[in-house]
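Structural features, examined
Residue strings, one per chain:
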Amino acid sequence: MRRYRNRGAAPIARALLLALTGIILCGFGEAMAESAAKQILITLPPMGWSSWNSFSNTVNSEIVMAQAKAMISTGMAKAGYRYINIDEGWWLGERDADGNIVVDAKAWPALAPGERAGDMANIVRYIHSLGLKAGIYTDAGNDGCSMYPDLGSVYQHTGSEGHYERDLLQFAKWGFDYVKVDWCGGDKEKLDPAVQYAEISRAISMAESATGHPLFFSICEWGKDSPWTWAPSVGRAVADIWRTSGDIVTPIVAHNKFSGRLASFPGVLSNFDQGVHPEAQHTGYYNDPDMMVIGMPGLADAQNRTHMSLWAISGAPLLVGADLTKLSDTTLATLTNPEVLAVDQDALGLQGVKVATYGDGLEVWSKALSTPGARALLLLNRTGEAASITVNWNDLGLADSTSATVRDVWAHDDLGSLNGSYSTVVPALDAVMLIVHGSERNRTEYAPDGSGTGMANGTIMRRNRLVNFTQVASHVPMARVRIAYINSDNVPRFEELRVNGRTATRIAFPPTGSDPAVGTVWIESQLDRPGTNNVLSFSTNCDQGPVIVSISVE
Ligand code: GLA
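Rules of the game
Within every chain, residues take consecutive numbers counted from 1 along the sequence as written. Local features in this predicted model are restricted to residues of pLDDT 70 or higher, and side-chain atom pairs are both shown and tallied only at a pLDDT of 80 or more, whereas totals for entire chains, interfaces and linings draw on every residue. Just so you know, side-chain values use all the structure's heavy atoms and leave hydrogens and water out. Any two cysteine sulfur atoms lying within 2.5 Å of each other are counted as a disulfide. Secondary structure elements follow DSSP: runs of H or I no shorter than four residues count as helices, runs of E no shorter than two count as strands, and numbering proceeds from the N terminus. Here, axes are lines fitted to C-alpha atoms. For helices the fit covers the stretch in contact, and angles between N-to-C directions go from 0 to 180 degrees. Angles below 35 degrees are treated as roughly parallel, those above 145 as roughly antiparallel, those between 65 and 115 as roughly perpendicular, and all remaining angles as oblique. Here a residue-residue contact requires only that any non-hydrogen atoms of the pair lie within 4.5 Å. Under the scheme applied here, ten amino acids are nonpolar (Ala, Val, Leu, Ile, Met, Phe, Trp, Tyr, Cys and Pro), four are charged (Asp, Glu, Lys and Arg), and all others, including Gly, are polar. Strand pairing is assigned whenever DSSP identifies at least 2 bridges connecting the two strands. Scored from 0 to 100, pLDDT reflects the predictor's confidence in each residue. Contacts described as polar in this section are N or O atom pairs within 3.5 Å, which, within protein, must combine one atom able to donate a hydrogen with one able to accept it, while residues neighboring in sequence count only if both atoms come from side chains. Two helices crossing with the near one rotated counterclockwise from the far one by less than a right angle form a left-handed crossing, whereas a clockwise rotation gives a right-handed crossing. Whenever Lys or Arg places a side-chain nitrogen within 4 Å of a carboxyl oxygen from Asp or Glu, that contact is recorded as a salt bridge. When a residue's accessible area, from a 1.4 Å probe over protein chains only, is under 20% of the maximum for its type it is buried; when over 50% it is exposed; and in between it is partly exposed.

Digging into the state of the cysteines
One way to say it: the disulfide is the covalent bond shared by the sulfur atoms of two cysteines. Considering all chains together, one arrives at one disulfide under this definition. Each sulfur in the disulfide pair Cys145 and Cys184 lies 2.0 Å from the other. Every disulfide takes its handedness from the sign of the S-S torsion; for Cys145 and Cys184 that torsion is 90°, giving right-handed. In this pair, Cys145 sits in the loop between strand E5 (133–139) and helix H6 (164–174) while Cys184 sits in helix H7 (residues 184–188), placing the two residues 39 residues apart along the sequence. Of all cysteine sulfurs in the structure, the one in Cys145 sits closest to Cys220, which takes part in no disulfide; the separation is 7.0 Å.

Right, dumping it as structure tokens:
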């Protein structure tokens, strides 16, 4: 293990030079370059609307068109919301003799001259015509959740088991951009979700190759079988999200027997808490605490704002469950605050972590942002009384000897430049969201043990299937780790990372360009061993991993 202080391209170049000797055991050729490491773009968490929370099984073409129009007229599309996602209820389980899905022609009529009623491509064309993207829904099992309908009749066989390739290809051919795959049938049949969702992911890739049309993958297994341990890159998905908990609310459908149901703030907090798995959220893979209930009956304006802050500090998918045609101006302002959306959509794609707790229920959450020295903070008061909460720069991984600017992103207010810490009173069951901008503490950079790379004929080669970094130290238990790597292929390559022999997560390494440039991606790892006792092991198939050049740790 070699250890370097400070950041920048020089240690990386040095690490490459240190790798010049040794037998090439396995690997692939890479041309050598000494360019500076650049942050590689990853897929950001999806933003949009879903039909389930406000329309349950009653969803149809008319409802979807009205919501799509409202996404434009409310300014939500301008703020970044894109997906119009059709959830359960669109299909009643019928297939033709060849096994193709057949839908109710009345619910999904022709919308333009020349269209055929009962063709889901009609609604997709409409959504696309507004510049939006369209999402669809199925189940991994044979029967879908329509066997336990929230409203209306029971329908069997609303799942895709036995038809994964056919159905996913159909969705892509219809033009959908997003697919949510539920787990009612899989659960009933006691299937293994890691296996089923990997198969579905492969069916998605095949559909994408056949049609040239990308389908974003949303896994909905409610956190039952710890999806954060297997869902990142399942079946080699280049990006995906996975639900981490049950439903945040049972649907509240207007003018209906369940119209009196209410969303609850404890439910929001519970889904937030169950969604915290920062070690799995990286390189385009996201924990999904569920569609939001902002703007639905049951939450006050301040609770809606806190809900939005919780999802943003998590870097969670932002899928609105409310009826977009009925949002109040205050709710709309909550959903479209650009500073809060920028926290959620930050380019590092990391999840916020709890960095301080005071007594029972006063907490500081911090999300590292891509601007060096910047952190989004949530000062959360779970208690029934207003209380003062203090943020220490030291807890944020910032140099505490220097001053940092503080901004309140809900009040759009600069609170000045402060040394070492900031305190403010947070009302009962409420939160304050801030951006603190200070100076990063120096990170320590490490080259792989025994040098993970080698040179042959002017190209950098990966030497081993296993690349180890031992004797790694960290200032904080949940540390940010920047990985410098080279992937001059034109598709992502993958690595399994094991930390202290314990946590495993699969990381995507997108192409770094053909210079080849050194690129960087960020992860969060639980480096909880004292001193320099932490061990990070990357492993891959011989012909598929990137060259891991170095890691740097806060
Ligand atoms: C499950 C999911 C919900 C929704 C319903 C549809 O409960 O968790 O998000 O898709 O199914 O029945």
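Here the narrative resumes, following the displayed structure.
Re the packing of helix H9 (residues 265–274) against helix H10 (residues 301–314)
Relative orientation of the contacting elements H9 and H10 amounts to 5°, with a least axis distance of 11 Å. Looking at the two axes, H9 sits roughly parallel to H10. Contacts from Phe265, Val268, Leu269, Asn271 and Phe272 of H9 reach H10 at Gln303, Thr306, His307, Leu310, Trp311, Ile313 and Ser314. Classifying every residue of the contact of H9 with H10 gives seven nonpolar, five polar and no charged.

With respect to the sheet that holds strand E12 (residues 362–368)
Through backbone hydrogen bonds, the strands of a sheet pair up, either in parallel or in antiparallel fashion. Strand order in the open sheet formed by six strands is E11-E12-E13-E18-E15-E16, and the pairing between neighbours is antiparallel. Two strands lie at the open edges of the sheet, namely strand E11 (353–358) and strand E16 (413–419), each paired on one side alone. Averaged over all pairs of adjacent strands, the angle between their axes in this sheet comes to 25°, without regard to strand direction. Note that strand E15 (residues 403–408) and E16 share six bridges and pair antiparallel. By the bridge assignment for E16, Arg407 is matched with Asp414.

A word on the confidence of the model for the chain
Reading predicted coordinates in detail is not appropriate for stretches of low pLDDT. Averaged over all residues, the pLDDT of the chain is 91; the fraction at 70 or higher stands at 91%. For residues 1–35, every residue scores under 50 in pLDDT, and the model assigns this stretch 109 contacts once sequence neighbours within four places are set aside.

Considerations on the side chain of Gln196
Mapping Gln196 onto the fold places it in helix H8 (residues 193–211). Within the structure, the side chain of Gln196 is placed 2.8 Å from the side chain of Tyr164, a separation counted as a polar contact.

Thoughts on the packing of H10 against helix H11 (residues 329–336)
Two numbers describe how H10 lies on H11: the axes approach to 9 Å, and their chain directions differ by 15°. Comparing their axes, H11 and H10 come out roughly parallel. For the pair H10 and H11, the sense of crossing is right-handed. In this structure, H10 uses Asp301, Asn304, Arg305 and Met308 to contact H11, whose residues at the interface are Thr330, Thr331, Thr334 and Leu335. The residue makeup of the contact of H10 with H11, split by class, is two nonpolar, four polar and two charged.

Some remarks on the pattern of salt bridges
One pass over the full model with this rule turns up 21 salt bridges. For the salt bridge of Lys180 with Asp87, the shortest nitrogen-to-oxygen distance reads 2.7 Å. Of the two residues, Lys180 sits in strand E6 (residues 178–182) while Asp87 sits in the loop between strand E4 (83–85) and helix H5 (121–129), which places them 93 residues apart along the sequence. What makes Lys180 buried here is its relative accessible area of 9%. On the basis of relative accessibility, which here comes to 4%, the residue Asp87 falls in the buried class. A single network of salt bridges, built from pairs that share partners, joins Asp273, Lys354, Glu363 and Arg382.

Considering the environment of Leu41
Looking at where Leu41 falls in the secondary structure, it is placed in the loop between strand E2 (38–39) and strand E3 (47–50). Taking the relative accessible area as the measure of exposure, Leu41 reaches 74% and is therefore exposed. Each C-alpha atom, one on Leu41 and one on Thr512, is 9.5 Å from the other, the two residues being 471 residues apart in sequence.

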